[in-house]
Amino acid sequence: DISVLDEGRRVRVQPGVTVRQLNARLAPYGRKFGPDPASESACTIGGVVANNSSGMLCGTWANTYQTLESAILVLPSGTVINTADADADDRLRAEESVLWQGLAQLRDRVRGHPASVEIIERQFAIKNTMGYGVNSFLDHDTPVEILLHLVIGSEGTLAFVAEATFTTLPVHPHVATGLLVFDDLHAANDALPALVDSGLAAIELLDAASLRVAAADQKSPTMITSLAPEQHAALLVEHQRADAAELEQVVGDTRTVLDQLPLSQPAELTGEPHARAGLWHVRKGLYAAVAGARPSGTTALLEDIAVPVSDLAQTCGALEELFERYDYRESVIFGHAKDGNIHFLINERFDQPGRLDAYDAFTEDMVELVLSRGGTLKAEHGTGRIMAPYVERQYGTELHQVMVTVKNLCDPDGLLNPGVVLTDDPKIHLKNLKSTPQVEAEVDRCVECGYCEPVCPSKDLTVTPRQRIVLRRELARAEAAGDDQLAAELRAQSVHDVVETCAVDGMCQTACPVDINTGDLVRRLRAEDSAAPARTAWTIAARHWDAGSRAASLALSVAQAVPAPLVTGATAAARTVIGNETVPAWSRDLPAGGEVRRRRTDPDAIAVFLPSCTSTMFGTGDDDQLGAARAFLAVCDRAGVRVRIPDGINALCCGTPWKSKGMLDGQQQMADRVHPALWEATEQGRLPVVVDASSCTEGLRELLDHTPNGLEVVDALTFVVDHALERLEVDPRIETLVLHPTCSSTRLGTNDHLQAIAARIAPDVVTPANWGCCAFAGDRGMLHPELTESATRAEAAEVAEVGAAAYASCNRTCEIGMTRATGENYVHILELL
């Protein structure tokens, strides 16, 4: 839950909200969350507080520690304290007297120990999340405020944070971003003092290995993909200002600085949104992209350190020497150069002889390197177990004992996250290390970063893409260990949780820095598990799709005419006997069948229209509605745009029903029919093929990828925007319109066209912040209605508060799913046009 307070200047939030969701809620107020970690799309506020997150722009002045105003804390004893209450300190004293008294004594002990004060002031002048935040004893006076700030960065070892209230920052709308490329890492670091003095809000470092990985990413901007990095390094820089004139002034001043730097290629600071987004895409997805490019079977280990900026160049050079000494090839250095904070990633195989000893020796040398330069072993990511043995070495015995006392006061029975942050085991960082078994292509690339989880429609029902992959790895481990009982249990549970309740919508791929589509994995598993009778039935359906689609249409029409209890009872019984993966669940909110698709001839057509067969199977549910296919034709006719529909249209399909179920023989049968029909209709590929449902556009493109003589496939939204929209006189009679983009329109990149059409229809267009895939996914919403219900819950709640005049999407089954979820009548956007 999120509660925006004081016109956005403060915000109260619960721990499961992601940083991106929070910033979306704050955006209308011109405000933003202080911490800005690169993993904003996936990291939750609970984790932000637990790690004292900072990020690329906020440094130490607007991190979690500085912006957290109050919180509801649940102590291991069960005591609940809301630190915002006026009597919070008195309540802590009354209910947790030992804790209150102990914190007061530690406060006085730290303040009375000059060496401790000097260490704290030096260590916390840079980004520092090593150990507990003992700077709390200097910065705050009352035990309850000291406790609140000790909990920040404590990684769940002191208390649970049930709710937190933060102060927010203003968004500076005027920005200019650029990439500065240098011949090597040393040259990039040498440029830092001048760049820091220029007032840049962000200075992000990327070494040569980072640039090589980024250059292989098709989503990266041309200036990176065209780069042939050898020893190069780059700094991603950005100015942010509240006023356009002020930005222009500071960019001009920075131009003078840039002219004096030894750059490998000319650099420009740009405010163009697309160019800026491309550069930040590279930086924000860098860790997962680099880790995903690691050799299969290796484990990616990420560390983050901070040193004074003046020592950064020498520290980076020494790190590279350690990489060479311990055979960590293709190790990567990147991070927040402005703060002297860098992350480095190494790839290790602990199953190979001698590698554990090498890792141990490398860690010892790295610790000595960082501490000898007055740095911290953890700047952002939390101490965890890997650095827990080194807390005392960094802070000294006195402050280490203060931290141990804090832990014992808050958690005397050692219940919370034992062995994390503090440990009695000097070798805990070498135990229980994670192996990464080789399983299959999608699984092996995954670094379990979790970027996929917020967009997954099954995340609140069964498992997420990350969890699907983890389960595949656990199954491989069980099989390798000969644990037949565990392997059998995992296989049995995976049928429903991993396979049946995956929408195979590919939204995970849109968020994945290494381009994994877990839906491909699930489709392959469905193909492997499919029974021979089912494969035969779907292959026959492909050969006789005209009859099959009409039969589905007739069944829905008959169901509407029969008393509902009879139909629901009959389908429920059939699902019990035959299985819920074969028999759909019927409900009264499903429409009757639709119209048969008909041929349309026009020798002067500029495109071939392939109306989706979903318009045959699912009617509009309202006699006054046109349906997507008729709406598209009406728009084309009014705009004077001529299209044709091919012969034998009722037997043609995009192949998605077979693809999603893993019925590869049937999919190939359909491809063998569709390609010749469209090749002829398009005059041997001279004309594009237009499809009126986004999922069918995507499906047809994939279907034709495996056939000779490629054909151009265009979504109806794109075609209308390019050929018809400007020819129409549109009277925007709808005041407020709610849009539901689809997973396919997102993957196709047509959401901008959906918005463009919507903007012509209504002056007020609302796309819910909680928008996500509806998971109806063809027939998945009928086979597993609980999946769609779970996937749409947050969006439906938001839609209920809008009170719009119309609701639109761009895919028939998605419209059905959203109508079911919200009780509002969703139609195709072209019907409204």
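Residues numbered from 1 in each chain as written. Predicted model: local features only at pLDDT ≥ 70, side-chain atom pairs only at ≥ 80, totals over all residues. Heavy atoms only, no water.

A few words on the overall build of the protein. The secondary structure content of the protein amounts to 39 helices and 21 strands. A compact globule built from 833 residues should have a C-alpha radius of gyration of about 28 Å, and the protein, at 29 Å, falls within 12% of that. By principal-axis analysis of the C-alpha atoms, the protein measures approximately 90 × 65 × 60 Å. Intrachain contacts of the protein at a sequence separation of at least 6 include 75% that bridge at least 24 residues. Put simply, the protein shows about 34,200 Å² of open surface, and 50% of that area lies on carbon and sulfur atoms. (Helix = DSSP H or I, 4+ residues; strand = E, 2+ residues; numbered from the N terminus. Rg over C-alpha atoms; globule rule 2.2 N^0.38 Å. Contact = heavy atoms within 4.5 Å. Areas by Shrake-Rupley, 256 points an atom, 1.4 Å probe, with all protein chains shown as cover.)

A word on the packing of helix H21 (residues 465-481) against helix H22 (residues 484-500). Between H21 and H22, whose axes approach to 9 Å, the crossing angle comes to 160 degrees. Taken together, the axes of H21 and H22 lie roughly antiparallel to each other. Here the hand of the crossing between H21 and H22 comes out left-handed. For the pair H21 and H22, the contacting residues are Arg-468, Leu-471, Glu-474, Leu-475, Ala-478 and Glu-479 in the first and Leu-486, Ala-487, Leu-490, Arg-491, Asp-497 and Val-498 in the second. (Axes fitted to C-alpha atoms, helices over the stretch in contact; angles between N-to-C directions. Parallel < 35°, antiparallel > 145°, perpendicular 65-115°, else oblique. Left-handed = near helix turned anticlockwise from the far one by under 90°.)

Bringing helix H16 (residues 312-325) into the picture now. With 14 residues, H16 should cover 20 Å at 1.5 Å per step; its first-to-last C-alpha distance of 20 Å lies within 8% of that length. Backbone geometry just after H16 places Asp-327 at a positive phi near 60 degrees. (Expected span 1.5 Å × (residues − 1).)

Inspection of every chain in the model, using the stated rule, returns 13 aromatic pairs. For the pair Phe-632 and Phe-719, a centre-to-centre distance of 5.9 Å together with 55 degrees between the ring planes defines the contact as tilted. One end of the pair, Phe-632, is in helix H29 (residues 628-639); the other, Phe-719, is in helix H33 (residues 716-723), and 87 residues separate them in sequence. Among the aromatic residues, those joined into a ring-pair cluster are Phe-323, Tyr-326, Tyr-328, Phe-344 and Phe-362. Sitting over the face of the ring of Trp-100, Arg-93 holds its NZ or CZ atom 4.2 Å from the ring centroid. (Phe/Tyr/Trp six-rings, centres within 6.5 Å; stacked < 30°, edge-to-face > 60°. Lys NZ or Arg CZ within 6 Å of the ring centre and 35° of its normal.)

What follows covers helix H5 (residues 97-111). Taking 1.5 Å as the rise per residue, H5 with 15 residues should run 21 Å; its terminal C-alpha atoms sit 21 Å apart, in good agreement. Along H5, the positions that sit buried rather than exposed are Leu-99, Trp-100, Gly-102, Leu-103, Ala-104, Leu-106, Arg-107 and Val-110. In the core, the buried residues of H5 are packed alongside helix H4 (88-95), helix H6 (114-123), helix H7 (136-139), helix H8 (143-151) and helix H19 (397-410). (Buried < 20%, exposed > 50% of the residue type's maximum accessible area, 1.4 Å probe, protein only.)

Tracing the sequence through the fold places Thr-64 in helix H3 (residues 64-67). Using a relative accessible area of 0% as the deciding quantity, one classes Thr-64 as buried. Each C-alpha atom of the pair Thr-64 and Ser-54 lies 6.5 Å from the other, and the pair is ten residues apart in sequence. One polar contact links the side chain of Thr-64 to the main-chain carbonyl oxygen of Val-48, over a distance of 3.5 Å. (Polar contact = N/O pair within 3.5 Å; in protein donor to acceptor, adjacent residues only side chain to side chain.)

A full pass over the atoms with the stated rule returns 51 salt bridges. A salt bridge links Asp-604 to Arg-642; its shortest N-O distance comes to 3.6 Å. Placement of Asp-604 in the loop between helix H27 (564-578) and strand E14 (607-610) and of Arg-642 in the loop between H29 and strand E15 (643-644) is noted, with a sequence separation of 38 residues between them. When its relative accessible area of 48% is taken as the criterion, Asp-604 is described as partly exposed. Through salt bridges that share partners, Asp-6, Arg-10 and Glu-69 make up one connected network. (Salt bridge = Lys/Arg side-chain N within 4 Å of Asp/Glu carboxyl O.)

So, on to the pairing of strand E13 (residues 341-348). Of all eight residues making up E13, eight are buried, and the element is well covered by its neighbours. Where burial is concerned, the two faces of E13 agree: the one with Asn-341, His-343, Leu-345 and Asn-347 and the one with Ile-342, Phe-344, Ile-346 and Glu-348 are both buried. The pairing of strand E11 (residues 299-306) with E13 spans eight bridges and is classified as antiparallel. Directly across from Leu-302, in E13, lies its bridge partner Leu-345. Relative to E13, strand E12 (residues 332-336) runs antiparallel, the two sharing five bridges. Within the sheet, the bridge partner assigned to Val-332 lies in E13 and is Leu-345. What sits between E12 and E13 in their antiparallel hairpin is a turn of four residues, with Gly-340 showing a positive phi close to 65 degrees. (Pairing = 2+ DSSP bridges.)

With phi around 65 degrees, Asp-515 is a residue other than glycine that occupies positive phi space. Relative to the helices and strands, Asp-515 resides in the loop between helix H23 (507-511) and helix H24 (518-529). On the basis of relative accessible area, Asp-515 is assigned to the partly exposed category, the value being 41%. In this structure, Ala-775 takes a positive phi of about 65 degrees despite not being glycine. Along the chain, Ala-775 falls in the loop between strand E19 (764-766) and helix H36 (780-783).

We now examine the nonpolar core. Core analysis: the biggest nonpolar cluster contains 105 residues, and Phe-137, Leu-195, Leu-235, Leu-319 and Met-366 have the highest contact counts within it. With seven residues, the single largest contributor to this core is helix H17 (residues 355-372). Among all residues touching Leu-235, those that are not within four sequence positions of it are Gly-178, Leu-179, Leu-180, Phe-182, Ala-188, Leu-192, Leu-195, Ile-203, Glu-204, Leu-205 and Ala-337. Counting 80 residues, the second-largest nonpolar core is a separate cluster that includes Ala-559, Val-690, Ile-757 and Ala-758. (Core = buried A, V, L, I, M, F, W, Y, C linked by side-chain atoms within 4.5 Å.)

With that settled, the discussion passes to the environment of Arg-468. Turning to its location among the elements, Arg-468 is positioned in helix H21. Taking relative accessible area as the criterion, Arg-468 reaches 1% and is therefore assigned buried. Considering only alpha carbons, one finds Arg-468 and Leu-377, 91 residues apart in sequence, at a separation of 33 Å. Once residues lying within four places of it in the same chain are set aside, the contact partners of Arg-468 are Cys-456, Ser-458, Thr-462, Val-463, Asp-497, Val-498, Thr-501, Cys-502, Thr-518 and Val-522.

Another aspect to go through is the sheet that holds strand E16 (residues 689-691). As summarised here, the arrangement of the four strands in space is E15-E14-E16-E17, forming an open sheet in which the pairing is parallel. Either end of the sheet is taken by a strand with one partner, and the two such strands are E15 and strand E17 (713-715). Packing of helix H32 (residues 694-705) onto the sheet brings it into contact with E14, E16 and E17, and relative to E17 it is tilted by some 170 degrees.

A surface patch of negative charge is lined by Asp-183, Asp-184, Asp-190, Glu-320 and Glu-321. Inspection of the secondary structure puts Glu-320 in helix H16. The exposure class assigned to Glu-320 is partly exposed, which follows from its relative accessible area of 38%. (Patch = residues over 30% accessible without salt bridge, like charges linked within 9 Å, V, L, I, M, F, W, Y side chains within 5 Å. Lys, Arg positive; Asp, Glu negative; His and termini not counted. Charge placed at Lys NZ, Arg CZ, Asp CG, Glu CD.)

On to the sheet that holds strand E6 (residues 160-167), then. What the five strands build is an open sheet, ordered E1-E2-E6-E4-E5; its pairing is antiparallel. A strand with exactly one partner marks an edge of an open sheet, and here the two such strands are strand E1 (2-5) and strand E5 (80-82). Adjacent strand axes in the sheet meet at a mean angle of 15 degrees, parallel and antiparallel pairs treated alike. The pairing of strand E4 (residues 68-74) with E6 spans six bridges and is classified as antiparallel. For Val-74, the partnering residue across the bridge sits in E6 and is Phe-160. Running at roughly 40 degrees to E1, helix H1 (residues 19-26) makes contact with E1 and strand E2 (10-13) of the sheet.

All we've got here are geometric facts, nothing functional implied.
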